[in-house]
Amino acid sequence: MTAEKKQAATKQKNSRTLKQPAPAAKSAEVCGVKNKTVAKQKVAAELAAELKKVRVALRETIKQIGMHIDKGIADSLRVLEKKQQPGEACNLPGAKSTAQMAKKLRALKIKPAKGKLKDIARIERMVEKIAEKTVAKQ
């Protein structure tokens, strides 16, 4: 590029930036307020309100996930702990598969103190596998 083209490009770039209002000014215009501080406070309050809604939704989601996993555990426990009546057909899974499931449960690596989503996923997968083998037998 020649020196003239560079200067023309720089002037053109500078003229574009001068025509556009600053981002803070845009947010002030959007809010209908000319004072930037008031505009920032108004937008921050809106963001805080949205975060509060997300927080409530998060708590409800966690509660529902916990209830879903707990239901699977309860169903499996009901089958496994049921007392067999004399002459009644056995609804329990085989001893070998039950021992394998117990071994997998003992080997399940979870760290509750860290609160990781992958731990919840591991627990859910294990509970689903066990429920498939125990509850389906009923």
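Notes on the structure follow. Throughout, residues of each chain are indexed from 1 in the direction in which the sequence is written. Residues qualify for local features only when their pLDDT is at least 70, as the model is predicted, and side-chain atom pairs are given and counted only at 80 or more; totals for whole chains, interfaces and linings, by contrast, use all residues. Water and hydrogen atoms were dropped before computing side-chain values, which therefore reflect all heavy atoms in the structure.

**Some thoughts on the side chain of serine 76**
Now for step 1: Numbering of helices and strands starts at the N terminus; helices are DSSP runs of H or I of at least 4 residues and strands are runs of E of at least 2. Tracing the sequence through the fold places serine 76 in helix 3 (residues 36-80).
Now for step 2: Throughout this description, buried means an accessible area under 20% of the type-specific maximum (1.4 Å probe, protein chains only), exposed means over 50%, and partly exposed covers the range between. Look at serine 76 and you get buried, because its relative accessible area is 5%.
Now for step 3: There is a polar contact of 3.1 Å between the side chain of serine 76 and the side chain of threonine 134.
Now for step 4: If near-sequence neighbours (up to four positions away) are discounted, serine 76 is found in contact with Ile130, Ala131, Thr134 and Val135. For this analysis, a polar contact is any N or O atom pair within 3.5 Å, provided that within protein one partner can donate a hydrogen and the other can accept it, and provided that sequence-adjacent residues contribute only side-chain to side-chain pairs. Whether two residues are in contact is decided by their heavy atoms, any of which lying within 4.5 Å being enough.

**Section: the pattern of salt bridges**
Now for step 1: We define a salt bridge as a contact between a side-chain nitrogen of Lys or Arg and a carboxyl oxygen of Asp or Glu at a distance within 4 Å. For the structure on display, the rule yields 4 salt bridges.
Now for step 2: Here aspartate 75 and lysine 71 are joined by a salt bridge, their closest N and O atoms 3.1 Å apart. On the criterion of helical spacing, the pair formed by aspartate 75 and lysine 71 is a turn pair, its members being 4 residues apart in helix 3.
Now for step 3: The class of aspartate 75 is buried, set by a relative accessible area of 17%.
Now for step 4: Taking the relative accessible area as the measure of exposure, lysine 71 reaches 54% and is therefore exposed.
Now for step 5: Of the charged contacts in the structure, one is a salt bridge between arginine 122 and aspartate 119, with a shortest N-O distance of 3.2 Å. Taken together, the residues span about one helical turn, with arginine 122 and aspartate 119 both in helix 5 (residues 117-134) at a distance of 3 residues.
Now for step 6: Under the relative-accessibility criterion, aspartate 119 is labelled buried at 8%.
Now for step 7: By sharing partners, the salt bridges in this structure join Lys71, Asp75 and Arg78 into a single network.

Don't take any of this as a statement about function, it's just geometry.
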